[in-house]
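The chain contents come next:
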Amino acid sequence: MLQRGCWRLLEPVMSRRWEERGSLAARRLQQLSRVLHPSRIAARKCGSSAEGEWLVIGDVKGKVVTPCNPELVPRDYARQPLPQSLLRHLKWMIQKDALGQDLFLIGPPGPQRRHLALAFCELLGREMEYVSLSRDTTETDLKQRREIVSGTVKHVDQSAVRAALKGRVLVLEGIEKAERNVLPVLNNLLENREMQLDDGRFIVAHERYDKLLEEHGKATLDNWNIVRASEKFRVIALGLPVPPYRGNPLDPPLRSRFQARSVLLSPFHEQLEEMKRLFPNVDEQVLSSLFSVTSTLHTLSQSAQGGPVDLTHHIHRIASTMEHLSSASPVQLLNTVYPADLLGTEEMFQDAIKRFGLQDNSSRLIIDKCQPVLDSSTSTDAPSGLLGNVCVTFKSASGTDSKGSGIFGRHSGKKSSFVVAGFGDRMQGVPGRERAVEEGGFVATAQHEDLLSQMLQSHLSGDFCLVGGRGSGKTTLVNTFAAMLGYSMEPIVLYQDMTSRELLQQRTTLPNGDTSWRLSPLVTASREGRLAVLDGIHRLDAGTLGVLKRLIQDRELSLLDGTRLLSQQRYTAAMSAAGLSEIEMSERSVFPIHPNFRIIAIGEPQRSSSLPSSSAGAAPSLASWLSPEILSMFPYHHIRPLPPQQEKELILSKVPHLPEHKIDPLLNLAHSLRTAADPTLQSLSSSLSTRQLLRMARRLASHQQEDLYQAATKACLLRFLPPLARAALIGALSEAGIHPPTEGALDRWETVKYERRDGHLVIGHTSVPIKADHDAAALVPDVLFYDNQQHLRILEDMLKDFSLGEHLLLIGNQGVGKNKIVDRFLHLLNLPREYLQLHRDTTVQTLTLQPSVQDGVITYQDSPLVRALQLGRVLVIDEADKAPTHVTCILKNILEGGEITLADGRRIVRQAPPPTHVPPGGVVPMHPDFRMIVLANRPGFPFLGNDFFAALGDVFSCHAVDNPDLESEMSMLQQYGPEVPEAVLKRLVLAFSELRQMADEGLIAYPYSTREVVSVVKHLQGFPHEGIGSVVRNVFDFDSFNPELLEVVVRVLHKHGIPTGATPSDVQLAPEHPLPPLTLAGKWKVAPAHVSLRVKQLPLSVQGPFRMKIPNYPVERVEVRGRGFSELKSHWTIPLHEANYVGAICTGPGQPETADYLHIATVNPISVYSMQLDASSVHYTDFSVNFPTTHGVWKPRLSLVSLGGSRAGQALLHEADSNSMFMLSPSDEEVFRVSTDSLAKSVRDMLSWRQAQTQPPSPHCFSAGVPGDSTFAVFQNGGNSLNWFDFSGAEPTAYTLALPVAMAAMHVMSPDQWIIRDDTDKLYLLHKNSPNCPVPDTLREITVHDSASLTSMSGLSTDGLPAPLLAQSLGLTVDEFTPQGYSRVVG
């Protein structure tokens, strides 16, 4: 009962709660319904003549004012019918305007926010001031700028001040791009409508001014310099959300002064309905799929690009193209506005296309013809307003034939035509193909024809951008495109430090000293209808490029001096609404933009940050210039590298005399680098662009003997690549079939000589005319230069490229002689030089002109660059790597494009234009003899410059200048120091060479140069009494405060015999012991009786040569006397393994003017090490396969003898047990087998002993002849047969003698006298009986007196004792020793 009673008491309360909950849910559902299905609102204008006109949107109305300057009211932005999303935004803006609040429209990149603000001004009749903010916007751009008028400084109001005083709407676009300390200047104007001006005036809010006016009167306020801010003044700021987009975040004080509105994409159905209304001929399903794909990409691209990419406004361009060209591919058009391949989002793009069924069923379109629209009969589709333009006819084609078609070849298929902007009158009588080929040097390929077709489709609806790697043909395509449509081009070079002022207007002074504004080339092109080419869009700062958004998207532009440029349609509407004439419009600084004006931007693809930095092409960081904001400005056409077959056809068309076997390996290499998965190889591919391949092809065609390996490595700058990149490139070269020249080919290089003959300079096999006498003889360099082979080869290479019209780039370490080589080159050709040295603070302006002030007027003096261009001189640019690459990039436009506009308004052109096309500032024709030679240090540490080669390497013919090789450096130093001993020079050359090698390997940082060696030699030449150890300190004292580095340097110097840091305690000599006096030890008496022996010539067989792979191993010669002094002079370490040991050693002469040879025979395995005493490597010849395998404890017994004469450098190896002999030539990698009948018998005996395992035969003894005679003897121990070999002649000979004694030893005293010892230790003299006998043939017995020990000598000298010593020991008078004995002995 209690519970039931409680329920009855609570029932009314619960019932009321359920009713409240039901009503709350209903309200929520109603609110959700209003959000999902908002009620439609309408816009209308109402009012009377007394009250004025009002704009009513829903339940909100705004006053429509009558503008004082109707030309300042935006036109054609509020197109009827207004979509519901736009009306809701406008309703909110009218509300905020009624409250006197400033607005901030925030949203993704695109023109939507700006169009909304301009539509607001148009509907309410509000005049507008527009400012595009950038990083270089300053306070003066917003408040007041000082101008000099009639010699007096005058303050001119700028946009913010004009808007505040005249009640206009100030539109600030790009809030996120302005520096944070700039916009606070507007804080007080935004908050209190107050601002202190530089001319002394003070702006106050209208309420405050009106109150002061009532109290004090206008005269007093004017005297106080107080001015009134209009109550109609409003500020509309347009900005991006930061993050996710890049930019500066809003300053909190600034943000708090605005009311924000998020402007997002319009609803799907609104966009679709608008496109159907504007373009009724485009398939609705295609439009629906396009919007679906762009919406998907907008959602998915946030993670890929750092912010959503809005492509909605691009649908208008795509639909406009398809309206005129129904056969156009929607997928291809969509790919231009969202270049997935450039952004790395191909998979996402393809998935979105497949998901919404957007198929590319269109056939390939090619250009059939371009003809001028001169009258209505030319094109039935051309209305009268299009007369004078160009009618383009397309044909559909199928297949992927690499050959050109369309206007550049054959074509087939269905036609479709439309009229595009152009100048048909300039094409009159000149067909499109002939003009394009004539003016642009264009060679048709299928890929380039497709690109031209796509460019024309984009041109139909506006501007576009070409993106391609260096040397991919961007400039050529633009030139061809302009020629096809009759356009005059306006090349504009963009660079990183370029400001919006330089892009739009430039400050200048008039002759009377007054300041003025000069229109930039871009603005001039817009008014005259030229084709503006923005070259280097990837280098320009995004904020600076943002000032062009309104020009690109709306064809409107507000300049710094207040001038306004409007599209032709809006200009006509504004002129009609204002009731003004063209003259009156121009007086109000309002001008039309020519309807044919177009912009083509040129950029390079963004590179991945994973690419390694290398000397061939250091990849910049991926601070992606293709940001969502930049993507919203253009359609993009990606110029990919040509397929190998098309690239080959292009090169052979431009260089018809080039053999195909020369270009095929280069194309294979270039293609493998471009398609490589290795980022290191991909980074090298830019060094082999199509432009570079064409340059290489021209040189290969002109100089057929050129080596492909050297051409490819020079283009890629292999010498200065990091180790990993160098190894990767060498592997790619090998795979492409490009192999380095053999050592023999390098050794056979001809000695390069030069001479002046018949008015020509001849270096090697290259000849170029010498410039005749001229009036600039003082500018011809004349420098001290000592010729050497390496520099002469570089000079010949430079001359080859110079004769082909190429510009040169010399890259190398410091002090290698780049400047001297260039000066010598110009001196030999008698060419005047202009010199320009760059540095960190070099700018584009200082590179071209030198500004100065004369009599209060800014004047410009031509820089050496402009003088060289005008007068046809050679411009030498030194230290090019020290200037920023975004500054030096203008050199590419000068050399490749041939046009650039100077700061004073003049334009450099390749050829002087006709008088009707001369720009207002004048032209500077480029002299045909102009050449440029650029000098730069190699990229990378320790050089602190920029990577000039990576930025501009393929524009020049590159030459890597290294330190001279040992021979060339030695030759040069001998000329600098003719009195310095050669041994000292050699030590210096070897020491510095090793230090440079260590720098290349990364062991030390500093690359010691030839310049420093020359300085040391000059000092030794001037002060010969100073030791080399103290002089080299002039170079190495820089390293004296780095103990680790100094230790390495000193070790290298000591190794090469440079005694730096030595002290007297380092002199270490062996103790001296006096020799006992010479005494007579015994006598030999030769018996008069003799035995005549029979000499028989042996048949000698020299088999070979056998080619063997004789590897080289590096060895280091250590000069022991570098640190101290001892009897030991130098030593080497031969690479022997632990179980090997030396069996024989000999020395012998080398070739004439070369060092002696050292031969070392080792036992396990049987091998010979051969080296020259001044060499840095040792030859290793392995004979293990030529000898019987060792058996048991048997070890081979080896002998070596060096050969001389024509066989200098060769050696003969003999093994005693097998009696095997081999002659080897290490330098030629050849081995010969030497054998006779007796030798063959010895080998058979050895083999039979091995098989029977019986007592081995007696070994054969080897005895060398007189050193240098190339003779030796072989006999068997205990035998009586002696074989004598003579290798001194052209043909080797052998003789045998049968002795009546059993031989145990033999000693050669001279070619005519031998000493024989038998097995009983008896001695015999074997001498020649006749001089005509080839070998000694008479045997006499020798009797030993006084000392039996003289019979067991180990050897005899072939040189006799000096006569004084012999006389002293014998107590006799002795004349000099001759090969036949002493001439006279007097008792």
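Residues numbered from 1 in each chain as written. Predicted model: local features only at pLDDT ≥ 70, side-chain atom pairs only at ≥ 80, totals over all residues. Heavy atoms only, no water.

Just to check I follow, could you spell out the sheet that holds strand E17 (residues 464–468) for this structure?
As a general point, the strands of a sheet are linked pairwise by backbone hydrogen bonds and lie either parallel or antiparallel. With parallel pairing, five strands are arranged side by side in an open sheet as E18-E21-E25-E17-E26. Two strands lie at the open edges of the sheet, namely strand E18 (489–493) and strand E26 (636–639), each paired on one side alone. This sheet shows a mean twist of 20° between the axes of neighbouring strands, independent of strand direction. The pairing of E17 with strand E25 (residues 598–603) spans four bridges and is classified as parallel. Paired with Cys-465 across the strands is Ala-601, a residue of E25. Contacts between helix H20 (residues 521–528) and the sheet are confined to E18, strand E21 (531–535) and E25, with E18 contributing the most and set at about 160° to the helix. (Pairing = 2+ DSSP bridges. Helix = DSSP H or I, 4+ residues; strand = E, 2+ residues; numbered from the N terminus. Axes fitted to C-alpha atoms, helices over the stretch in contact; angles between N-to-C directions. Contact = heavy atoms within 4.5 Å.)

Sorry if this is basic, but what is going on with the side chain of Lys-143 here?
You can see Lys-143 is positioned in the loop between helix H4 (139–142) and strand E6 (144–149). Residue class for Lys-143 comes out buried when judged on its relative accessible area of 6%. For Lys-143, the side chain forms a polar contact with the main-chain oxygen of Gln-196, separated by 3.0 Å. Excluding its chain neighbours within four sequence positions, the residues that come into contact with Lys-143 are Val-156, Asp-157, Gln-158, Val-161, Val-185, Met-195, Gln-196 and Asp-198. (Buried < 20%, exposed > 50% of the residue type's maximum accessible area, 1.4 Å probe, protein only. Polar contact = N/O pair within 3.5 Å; in protein donor to acceptor, adjacent residues only side chain to side chain.)

Where do I start with the pattern of salt bridges in this structure?
As a working rule, side chains carrying opposite charge can pair if their charged atoms are close by. In the structure shown here, the tally under the stated rule is 71 salt bridges. In this structure, Glu-528 and Arg-530 form a salt bridge, with 3.0 Å as the shortest nitrogen-oxygen distance. On the accessibility criterion, Arg-530 (10% relative accessible area) is buried. Across the salt bridge formed by Arg-674 and Glu-647, the nearest N and O atoms sit 2.8 Å from each other. (Salt bridge = Lys/Arg side-chain N within 4 Å of Asp/Glu carboxyl O.)

Honestly, the pairing of strand E38 (residues 931–937) in this entry has me stumped. Any pointers?
When a strand is regular, its side chains alternate between the sheet's two faces. Most of E38 sits out of view: seven of its seven residues are buried. Both faces of E38 are covered, namely the face carrying Arg-931, Ile-933, Leu-935 and Asn-937 and the face carrying Met-932, Val-934 and Ala-936. Direction of pairing for strand E30 (residues 808–812) relative to E38: parallel, over a ladder of five bridges. Within E38, the residue paired with Leu-809 across the bridge is Val-934. Sheet topology places strand E34 (residues 874–878) next to E38; four bridges connect them, and they run parallel. Of the residues in E38, the one forming a bridge with Val-876 is Ile-933.

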